[in-house]
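Residue-level structural notes
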Amino acid sequence: MMLLKLFLTFAKLGLFTFGGGYAMIPLIQKDIIVVKGWLTMKEFVDIIAIAEMTPGPVAINSATFVGYKLAGVPGAAAATIGVIFPSFVIVVAFATLFLRHKDAPAVKAVFRGLRPAVTALIAAAAISLVKASFVDIAGPIVAIAVLVGMLRFDLHPILAIVLAAVVGVVLY
Amino acid sequence: MRFLFQMFWSFFKIGAFTFGGGYAMVPLIQKEVVDARRWVTDEEFIDMLGLAQTAPGPVAVNTSVFVGYKKARYVGAIAAVIGATLPSFLVILAVAALFAEIRHLPAAEAAFSGVRPAVVALVAGAAYKIGRTAIRDVRGIVIGAVALVAIAVFDVHPIPVIVGSAIVGYLLYRKDIQAEPQAVRARTAGPRTEVGGSGPSDQVSGDTDGIAHAAPGAADPPDAAGDGKVASAE
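All of the points below concern the structure found in this document. These numbers were taken from a predicted model, which means no experiment stands behind them.

**A closer look at the packing of helix α5 (residues 105-133) of chain A against helix α7 (residues 158-179) of chain B**
The description of two helices packed together rests on the angle between their axes and the distance between the axes. At a minimum axis separation of 6 Å, α5(A) and α7(B) run at an interaxial angle of 135°. The pairing of α5(A) with α7(B) is recorded here as oblique in orientation. When you trace α5(A) past α7(B), the crossing you get is right-handed. Grouping the constituent residues of the contact of α5(A) with α7(B) by class yields 18 nonpolar, four polar and three charged.

Here it is as structure tokens:
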């Protein structure tokens, strides 16, 4: 019963998480903390901090954490599957439609306009990350080194992350 | 079966190195799915990111479902989505046990201070690489610039930006696409039928696209200039 409740609650949250994790924070706050009382506010703040330091989006991390806290590993699985479920169904529907109609002239025109906007979305993400990431002069130096490595020497992103972590440990 | 494991493993790697959420995983997905495996073309990758923004859910999860579904329907989508989420699932289970200690470890904090600027560069690099494919002419530059100002300066939500640019794209590019010869449309038959050889055949048809696009533009001087430049740059 608890497992089903976890699945349904997080499926509802998953349905309203547009554009990555942070949009979900007020929703989790209301549903999980105020209404259900499954989590304290302090625990939730810690989850956000962990989500930033570990791989994975906030939405999935919160689901796994809350599920585990309430019902162990099966709870973690139920909540995590729940939070992904709506995206899975909707993206499969989108993919089906896209793959079937991508050669229609109207669809091609739409995507030709959409692509520059996607470029802008990603550029804007880079800009917004600057503020939280550059604390001193070492920040821009690491960033420029990685950018040159990536665009000129085809540096693999995973290698870049690992090297930057090593630099972080040495410097700080 | 081996293919499904490859799908799982690729997204497992992506999931394991996605720090900070949002677009931090775009360069990784690009490297793995477009450059290394050639499961989707450059253009499909960008289109997928656009679609991922209009559906609920984290971008990494949505793109994994899309790529998996494209290559192997439902089983592919499930293999990819499990791969993408399993790393964070396992890490959070571990963290939930020893929680408070890890957070305040000086070594962990130092490592993350180094990782954050690298993530900025990775995301900026991804925007640059995507822009080379996505922005074909002056109209593209204008759409991109307006979208960037809307998001970065005026804090507009991504969904209206995506929907707006789709409408503008339809209005601006409708006539171009009707003028493009059939050769361009035939190219999609290639990548969909075969698995292994889809990479090189995309490259070839990509070139045809450039040429075919410049040809009808001859009747329309401003277009011929813009598209011709892109074609030769590739």
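**Some details on the interface of chain A and chain B**
Each partner contributes residues to the interface: chain A has 89 residues there, and chain B has 92 residues. When residues of the side of chain A that touches chain B are traced back to their parent elements, those giving at least two are α1 (2-15), α3 (41-53), α4 (58-101), α5, α6 (138-153) and α7 (157-171) of chain A. Among the elements that make up the side of chain A that touches chain B, the one with the highest residue count is α5(A) (26 residues). Class assignment of the residues belonging to the side of chain A that touches chain B gives a composition of 65 nonpolar, 17 polar and seven charged.

**A short note on unusual backbone geometry**
Residues and elements named next belong to chain A. Backbone geometry places D154, a non-glycine residue, at a positive phi of 60°. Assignment of secondary structure puts D154 in the loop between α6 and α7. A residue is classified by how many C-beta atoms lie within 10 Å of it, and D154, with 9 of them, is exposed.

Reading guide: rules and limits
Residues numbered from 1 in each chain as written. Chains lettered and ligands numbered in written order. Predicted model: local features only at pLDDT ≥ 70, side-chain atom pairs only at ≥ 80, totals over all residues. Axes fitted to C-alpha atoms, helices over the stretch in contact; angles between N-to-C directions. Helix = DSSP H or I, 4+ residues; strand = E, 2+ residues; numbered from the N terminus. Parallel < 35°, antiparallel > 145°, perpendicular 65-115°, else oblique. Left-handed = near helix turned anticlockwise from the far one by under 90°. Nonpolar A, V, L, I, M, F, W, Y, C, P; charged D, E, K, R; others polar. Contact = placed C-beta atoms within 7 Å. Buried ≥ 20, exposed ≤ 12 C-beta atoms within 10 Å, placed from the backbone.

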